[in-house]
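# Understanding the architecture of this molecule
Residues per chain, in single letters:
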Amino acid sequence: GKTTHCAKIARKLKNENHRPLLVACDIYRPAAIKQLQVVGEQVGVPVFEMGQTNPVTIAKEAIKLAKDKGYDYVFIDTAGRLHIDTELMNELKSIKAEVKPTEILLTVDAMIGQDAVNVAETFNELLDITGVVLTKLDGDTRGGAALSIKAVTGRPILYVGMGEKLSDLEQFYPDRMASRILGMGDVLSLIEKAGETIDEEQAKEMSKKLKKAQFDFEDYLVSMQQMKKMGGMSSVMSMMPGLGNAKIKDEDMEKGEKQMARIESIIYSMTLEERRNPDILNPSR
């Protein structure tokens, strides 16, 4: 999730009217440069790359370009490690010494539990990281690793990755994480997510229609699309009090998502008149 999260944070800054630049310094992993270019294009952020050149040189040239072209944030996507590799760690130290980064963020997979804590501890000792990005918190994990990483490194967890989409990034709030760990849901994050994805005018219009009992299939379609934008049924349910910790089987959740897709297809197959006037539906229709 390291390369993806470079793009996720860059997207967030771009939406706040900054001019970020992504830099491809992972020259070892197959297609890593291409991946950064793809996600960079998706979020509308330029990518600087020099192929398989020395990563220290790439980082140095990127900073020079950023100063010339007026980019105010530079994300250097370095090679990732699932275990500590002395040679590659020395490379990171050289990049740090050359460009003197303001922040050194470690991206940690929340699913690997205690291993993540060991990696974070070693990285912090060698590089003096300034923060952590915790990914895959949309899965079965409850985020217990977050508490351990903070305790071991003393460094703040800045962001959490809540899904595969480039918009699935949330700022980390300890109290909300505690609620999730305890299965109490996370209503504040749900409200924030709704605020970002749901069209306010559409929501007001729908509220009026519901009060007048005028909710039709067009409205139902819109509400399903808005649920999708928020990450789907499983994402919404994980933030609901009492449901975040509920033992709902994956296959049942999958059936629910499939059923929603089926209903969506049925509505799309209707005529506009049928969608807006459900009363005219009969067996022949």
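Scroll up to find the structure.
In this numbering scheme, every chain counts its residues from 1 along its sequence in written order. At least 70 in pLDDT is required for a residue's local features to be given in this predicted model, at least 80 for side-chain atom pairs to be given and counted, and no such filter applies to totals for whole chains, interfaces and linings, which use all residues. Side-chain descriptors were evaluated using all non-hydrogen atoms of the structure, hydrogens and water having been removed beforehand.

### Thoughts on the sheet that holds strand β1 (residues 20-25)
As a reminder of what qualifies: Strand pairing is assigned whenever DSSP detects at least two bridges linking the two strands. Runs of H or I in DSSP of at least four residues are treated as helices and runs of E of at least two as strands, each being numbered from the N terminus. Any two residues whose heavy atoms approach within 4.5 Å at even a single point are treated as in contact. Interaxial angle, 0 to 180 degrees, is taken between N-to-C directions of lines fitted to C-alpha atoms, where a helix line uses only the stretch in contact.
Spatial ordering of the open sheet is given by β2-β1-β3, a layout of 3 strands whose pairing is parallel. Looking at the sheet topology across the chains shown, the edges are occupied by β2 (47-48) and β3 (73-78). Alignment of β1 against β2, held across 2 bridges, turns out to be parallel. By the bridge assignment for β2, Val-23 is matched with Phe-48. Sitting on the sheet, helix α2 (residues 32-43) touches β1, β2 and β3, and the angle it makes with β1 is about 165 degrees.

### Comments concerning the sheet that holds strand β4 (residues 105-109)
The sheet built from 4 strands is open, its strands ordered β4-β5-β6-β7 with mixed pairing. For this open sheet the edge positions go to β4 and β7 (169-171), each flanked by a neighbour on one side alone. Direction aside, the axes of adjacent strands within the sheet are offset by 25 degrees on average. Pairing of β4 with strand β5 (residues 131-135), which is carried by 5 bridges, proceeds in the parallel orientation. Note on β5: the bridge partner recorded for Asp-109 is Thr-135.

### Digging into the packing of helix α4 (residues 86-99) against helix α5 (residues 114-127)
Quick note on the threshold: Oblique is the label for every angle not falling under 35 degrees (roughly parallel), over 145 degrees (roughly antiparallel), or within 65 to 115 degrees (roughly perpendicular). Here is the rule for handedness: rotate from the far helix to the near one, and if that takes an anticlockwise turn smaller than a right angle the crossing is left-handed, while a clockwise turn gives right-handed.
Two elements in contact, α4 and α5, have axes whose closest approach is 10 Å; the angle formed by their N-to-C orientations is 45 degrees. Judged on the interaxial angle alone, α5 and α4 are oblique. You can see that α4 and α5 cross each other, and the crossing is right-handed. Facing α4, whose interface residues are Met-89, Leu-92, Lys-93 and Lys-96, α5 presents Phe-123, Leu-126 and Leu-127.

### Some remarks on the pairing of β5
Looking along a regular strand, one sees side chains alternate from face to face of the sheet. Rule in force here: Note on classification: 1.4 Å probe, protein chains only; a residue is buried when its accessible area is under 20% of the maximum for its type, exposed when over 50%, partly exposed between these limits.
Among the 5 residues of β5, 5 are classified as buried, and the element is accordingly described as predominantly covered. The alternating pattern of β5 places Gly-131, Val-133 and Thr-135 and Val-132 and Leu-134 on opposite faces, both of which are buried. Taken together, the 3 bridges between β5 and strand β6 (residues 157-161) define a ladder with parallel strand orientation. Of the residues in β6, the one forming a bridge with Val-132 is Ile-157.

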